[in-house]
Amino acid sequence: MNDAMASMVTGVVGVLGTLLAPFLAVRATSRQRAREDAAASDRRRFEERRAGYTAMVGASAQLHTLLKDAVPRISAGRYTDEDRARLEESRREHRDCCAGAQMIASERVLEASRSLNEELAKADAIAKRIDRGHPCEGETAEAARLILKRAEPELAVMRRIMREDLGVVD
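Procedures and definitions
- Residues numbered from 1 in each chain as written.
- Predicted model: local features only at pLDDT ≥ 70, side-chain atom pairs only at ≥ 80, totals over all residues.
- Heavy atoms only, no water.
- Helix = DSSP H or I, 4+ residues; strand = E, 2+ residues; numbered from the N terminus.
- Polar contact = N/O pair within 3.5 Å; in protein donor to acceptor, adjacent residues only side chain to side chain.
- Buried < 20%, exposed > 50% of the residue type's maximum accessible area, 1.4 Å probe, protein only.
- Contact = heavy atoms within 4.5 Å.
- Salt bridge = Lys/Arg side-chain N within 4 Å of Asp/Glu carboxyl O.

1. Considerations on the side chain of S60
Okay, step 1: Within the secondary structure, S60 sits in helix α1 (residues 3–75).
Okay, step 2: A distance of 3.1 Å separates polar atoms of two side chains, one belonging to S60 and the other to H94.

2. Structural notes on the environment of K68
Okay, step 1: With respect to the helices and strands, the residue K68 is situated in helix α1.
Okay, step 2: You can call K68 partly exposed: its relative accessible area is 43%.
Okay, step 3: For the pair K68 and I147, spaced 79 residues apart in sequence, the C-alpha to C-alpha distance is 9.9 Å.
Okay, step 4: Excluding residues within four positions of it along the chain, K68 makes contact with L148 and E152.

3. Some remarks on the pattern of salt bridges
Okay, step 1: A full pass over the atoms with the stated rule returns 25 salt bridges.
Okay, step 2: The salt bridge partner of D131 is R84, with a shortest N-O separation of 2.7 Å. Taken together, the positions of D131 in helix α3 (residues 107–132) and R84 in helix α2 (residues 81–101) put the pair 47 residues apart, joining distant regions of the chain.
Okay, step 3: When its relative accessible area of 27% is taken as the criterion, D131 is described as partly exposed.
Okay, step 4: Several salt bridges share partner residues, and in doing so they unite E88, E89, R91, R92, D124 and K128 into one network.

Structure, rendered in structure tokens:
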């Protein structure tokens with residue numbers, strides 16, 4: 001190869017490099033932006049799950065606590081309209097938090113939630129019927145208390161599964 005050919009090849013490579021450099025830079029920038037967008041989207045989904053789980057655990061614990069307080073008060077005749085309103089508000093909040101979690105929670109979390117919610121619903125139904133003066137056979141304050149006692153480990157299991165789902169390990 002002579003000097004003229006070498007110069008021409010060098011010139012062509014230089015021109016191609018000059019023409020391709022902006023394209024390659026844009027492509028690299030696009031890839032970086034896509035990675036950043038994916039990371040931001042993952043972070044946003046994580047934050048949504050964490051907020052949903054936090055609300056769900058809080059609402060479940062609040063409903064559990066209010067039911068535990070309500071049952072002996074109902075059976076003792078010391079249950080007030082204010083207590084009923086507070087429990088009803090807690091029921092609504094619990095229902096709304098669980099409904100919101102349906103869209104973001106893993107199946108394991110939903111299964112744990114269903115198990116806990118079944119126990120809370122049983123105790124709540126008994127408490128309502130006792131409060132209204134129409135309990136079914138065997139529905140006593142003690143029966144509701146035992147159901148709520150069984151719900152305590154269910155709440156702990158749900159919380160543990162949520163933490164695992166979020167990547168929190170002890």
